[in-house]
Amino acid sequence: MTLLRLLSFNIHGGYDLKGRRDLRRVHALLEEYNIDIAVFQEMETRLGRGGQAEDIHIVAGPERPYHLPGLTVKGDDGWYGNLIVSRYPIVRALVHNLETTRILEPRNAVDAFIDTPHGLIRVLGTHLSLASIVRWSEINNLVRLMKQVEQETICPLFFMGDLNEWRRPSKLFKFLDEHMTALPCGKTFPSFRPLFHLDRVWHDGPGVSARAQVLDTKDAKSLSDHLPVLVEITAL
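What comes next concerns the included structure. (Residues numbered from 1 in each chain as written. Predicted model: local features only at pLDDT ≥ 70, side-chain atom pairs only at ≥ 80, totals over all residues. Heavy atoms only, no water.)

1. So, the pairing of strand β11 (residues 209-214)
Here is step 1: Side-chain alternation along β11 places A210, A212 and V214 on a buried face and S209, R211 and Q213 on a face that remains uncovered.
Here is step 2: In the sheet, β11 pairs with strand β12 (residues 229-235) via six bridges, with the strands oriented antiparallel. Counted as the bridge partner of A212 is V231 from β12. (Buried < 20%, exposed > 50% of the residue type's maximum accessible area, 1.4 Å probe, protein only. Helix = DSSP H or I, 4+ residues; strand = E, 2+ residues; numbered from the N terminus. Pairing = 2+ DSSP bridges.)

If you want it as structure tokens, here you go:
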């Protein structure tokens, strides 16, 4: 029996493969798969890039009223970055600055404790840089920041996002595997003909049972340049 369904998805600013922007289609995907918690990368609300402040509510819908935005770029007309939307209350919310070099796009990680009917879980989402040496610095910073956060209650952890790492073997994956358990999924980029495993999931928790899979339906392939990753949790 599936207890919770999570989704990790780089939504490309809300633009599909034909350059159209309709976040209602992303919301429809959440409804189709009964997603409890979604972790988005490349969320766009800047007016100059086609976004609007209401986009968070459009993509989340009334079914997921709890939100944690992680602003990597902020302007007078809105922001761009990471976003968690949840069916259940976010009882602690943090945004970790990954201290990306200033000449590159800033990067962060959203970090939420979520009070689900099956107990507390911790969900982290991020979008790492394209340069490998910068990714290595960012993931080290993230693990350090995660460990610095005091946790009165230890709970299952789920880490996911677009890691922009396509090489195998990978020092970055080896490092993450030393701290968490990977959930194999599949290739996610480019969505129309996936060649690279850019979007990945890890978990940490002794009683966790979960599986991950790439959603590669015709509709999912058209929503973004990445494919979404579904995570189904069967035990906590």
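2. Points about the sheet that holds strand β9 (residues 181-182)
Here is step 1: Pairing within the open sheet is mixed, and its six strands lie in the order β5-β6-β7-β8-β10-β9. What marks the edges here is a single partner per strand, and that holds for β5 (90-97) and β9.
Here is step 2: Note: strand β7 (residues 119-127) against strand β8 (residues 157-162), six bridges, orientation parallel. Its bridge partner lying in β8, L124 is registered against F159.
Here is step 3: Contacting β8, β9 and β10 (199-204), helix α4 (residues 171-179) crosses the sheet at an angle of about 25° to β10. (Contact = heavy atoms within 4.5 Å. Axes fitted to C-alpha atoms, helices over the stretch in contact; angles between N-to-C directions.)

3. A look at the sheet that holds strand β3 (residues 66-75)
In a beta sheet, neighbouring strands pair by backbone hydrogen bonds and run either parallel or antiparallel.
Here is step 1: Strand order across the open sheet formed by six strands is β3-β4-β2-β1-β12-β11, with mixed pairing between neighbours. This sheet does not close on itself; its edge strands, each paired only once, are β3 and β11. Here the strands of the sheet are splayed against their neighbours by 15° on average, with no regard to which way each runs.

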